[in-house]
Amino acid sequence: MPLVSMRQLLDEAAKGGYGVGAFNVNNMEQIQSIMEAARETESPVIVQASRGARSYSQDRFLWHLMVAATELYPEIPTVLHLDHGNSPATCKSAIDLGFTSVMMDGSLMEDGKTPSSYEHNVKVTREVVAAAHAKGVTVEAEIGCLGGIEDGHGAGGSGMEHLTDPAQAEQFVKDTNCDALAIAIGTSHGAYKFTRKPDGEVLKMDVLIEIHKRLPTTHLVMHGSSSVPKELQDIINQYGGKLKQTWGVPVEEIQLGIKNGVRKINVDTDNRLAITGAIRKVFFETPEKFDPRDYLKPAREAMKKVVAERMVQFGQAGRAKEIKPIPMAEMAEMYKKQLVNA
Ligand SMILES: [Zn+2]
């Protein structure tokens, strides 16, 4: 099947009461890992690319790899989503390329670092919503800022500086008509999210629950939601790596989020850790090897395992067959006739 809109997948997830993992890609092996995991668990899936990934893959490589994915895995409803678009122009270039969903992160200025004003955020998000919906493309927006920096993008800090204000989130959805809303509840991008197992002091699930109460039909998005499992950190360090001990977002907290309106969960770090651990192991144990396939195959397998595990934990496993793809042109018509609920 062709790529589908993220809105359709998230509407289905809301109906079914589950979440959908959004996994970042930069290359062929990562796309293969995700698609294999989706096939094994019969999951719909969101594949996402950051600006950094688009530049690394020169856009066209990424696009054709995704076309290959839809040909080779026709039974899997697949979304191609732009992660953290920094400006309307970036989002429009993704829409022109064929992305079926874009994130306009207007919580930061175009430099991708400086927290913006509410007015700036509304203005750029509205502009992208108009351009995207005209083509049936989904828009994710962000209110409040996550901590950390990844791929040169992020406000930095611990994640507690710019938590989402629930009342402002409610107003923002009214002002922009975005399809999905990323919120800041104390998480950060990258591996170093928390210095201890997070509790309610640092991971603000109460804020998330309050936002869901005010916006019961809005699809919420959790960014920076790798769990950073100790076993993946250990493999890297066992084979010569030097990671400092760190904590991510526990899967049970994500599952609590899913019970409270979270429909999209961004996971990147866990996959990076799995890949790097597998490659380090091959280098360490068999230093005589030099065929890239000798380490890329185990790397691919390690990432697939993490992705499949998350798909089961988020509840998207087994749901692929329930989704009958709505063509993008039909989605555009539905937005035009206001048949898509805000
Ligand atoms: Zn993010």
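Heads up: the structure comes first, above all this text.
Residues numbered from 1 in each chain as written. Predicted model: local features only at pLDDT ≥ 70, side-chain atom pairs only at ≥ 80, totals over all residues. Heavy atoms only, no water.

*Asks:* Explain unusual backbone geometry to me, using residue names and the numbers behind them.
*Replies:* Here the phi dihedral of His84 falls at roughly 50 degrees; this positive angle occurs in a residue that is not glycine. Mapped onto the fold, His84 is located in strand β3 (residues 78-85). Residue classification places His84 among the buried positions, given a relative accessible area of 8%. Even without a glycine there, the phi angle at Val228 is positive, about 45 degrees. (Helix = DSSP H or I, 4+ residues; strand = E, 2+ residues; numbered from the N terminus. Buried < 20%, exposed > 50% of the residue type's maximum accessible area, 1.4 Å probe, protein only.)

*Asks:* Quick one: what's the story with the nonpolar core, residue by residue and with numbers?
*Replies:* Grouped together as the largest cluster of nonpolar side chains are 71 residues, with contacts concentrated most on Ile34, Val45, Phe99, Val102, Phe172, Leu181 and Ile185. With seven residues, the top contributor of residues to this core is helix α12 (residues 292-314). Counting residues in each nonpolar core, the second largest holds 15 residues, with Leu9, Val20, Ile46 and Met103 among its members. (Core = buried A, V, L, I, M, F, W, Y, C linked by side-chain atoms within 4.5 Å.)

*Asks:* Explain the coordination of the zinc ion to me, and be specific about the residues and the numbers.
*Replies:* In this structure, His84 (NE2), His189 (NE2) and His223 (ND1) serve as the protein donors to the zinc ion, at separations of 2.0 to 2.1 Å. On the accessibility criterion, His223 (1% relative accessible area) is buried. (Donors = N, O, S within 2.8 Å, 3.2 Å for Na, K, Ca; no water.)

*Asks:* Could you give me a rundown of empty space enclosed by the protein, with the residues and numbers involved?
*Replies:* Inspection of every chain in the model, using the stated rule, returns one cavity of 30 Å³ or more. The calculated volume of the largest cavity comes to roughly 40 Å³. Around the largest cavity, the lining residues are His84, Asp105, Ser107, Leu108, Glu142, Cys145, Leu146, His153, Gly154, Ala155 and His189. (1 Å grid on protein atoms, 1.4 Å probe; cavity = no way out; pocket = protein on both sides within 12 Å on 5 of 7 lines; lining within 4 Å. Points joined across faces, edges and corners; volume = space filled by probe spheres on them.)

*Asks:* Give a detailed account of the sheet that holds strand β4 (residues 101-104), specifying residues and quantitative values.
*Replies:* If you trace the eight strands once around the closed barrel, you get β1-β2-β3-β4-β5-β6-β7-β8, paired in parallel fashion. Ignoring which end each strand starts from, the neighbouring axes of this sheet average 25 degrees apart. (Pairing = 2+ DSSP bridges. Axes fitted to C-alpha atoms, helices over the stretch in contact; angles between N-to-C directions.)

*Asks:* A description of the pattern of salt bridges should follow, citing residues and the corresponding values.
*Replies:* For the structure shown, the criterion picks out 23 salt bridges. Asp96 serves as the salt-bridge partner of Lys135, at 3.7 Å between the closest nitrogen and oxygen. Of this pair, Lys135 sits in the loop between α6 (118-133) and β5 (138-143) while Asp96 sits in helix α5 (residues 88-97), placing them 39 residues apart in sequence. According to the relative accessible area criterion, Asp96 is exposed, its value standing at 61%. Two residues, Glu252 and Lys197, come together in a salt bridge whose shortest N-O distance is 3.7 Å. One end of the pair, Glu252, is in helix α10 (residues 251-258); the other, Lys197, is in the loop between β6 (180-183) and α8 (205-214), and 55 residues separate them in sequence. Judged by its relative accessible area of 47%, Glu252 falls in the partly exposed class. Connected through salt bridges with shared partners, the residues Glu170, Lys174, Glu210 and Arg214 form a single ionic network. (Salt bridge = Lys/Arg side-chain N within 4 Å of Asp/Glu carboxyl O.)

*Asks:* An account of α12 is needed here, citing residue identities and associated values.
*Replies:* With 23 residues, α12 should reach 33 Å at 1.5 Å per residue; the first-to-last C-alpha distance of 33 Å fits that figure. Residues of α12 that are buried: Tyr295, Ala299, Met303, Lys304, Val306, Val307, Ala308, Arg310, Met311 and Phe314. Just downstream of α12 lies Gly315, where phi reads positive at about 95 degrees. (Expected span 1.5 Å × (residues − 1).)

*Asks:* For the packing of aromatic side chains, give the residues involved together with the corresponding values.
*Replies:* Using the criterion set out here, one finds three aromatic pairs in the structure. Ring plane angle 70 degrees and centroid distance 6.1 Å describe the contact between Tyr118 and Phe172, whose orientation is recorded as edge-to-face. Remark: Phe172 occurs in helix α7 (residues 166-176) and Tyr118 occurs in helix α6; sequence separation between them is 54 residues. Neither Tyr118 nor Phe172 differs from the other in exposure class; each is buried. With a centroid separation of 5.4 Å and 65 degrees between ring planes, the pair formed by Tyr239 and Phe284 is classed as edge-to-face. Taken together, the positions of Tyr239 in the loop between α9 (230-238) and α10 and Phe284 in helix α11 (residues 269-285) put the pair 45 residues apart, joining distant regions of the chain. Lying over the aromatic face of Phe99, Arg54 brings its terminal NZ or CZ to 5.4 Å of the ring centre. (Phe/Tyr/Trp six-rings, centres within 6.5 Å; stacked < 30°, edge-to-face > 60°. Lys NZ or Arg CZ within 6 Å of the ring centre and 35° of its normal.)

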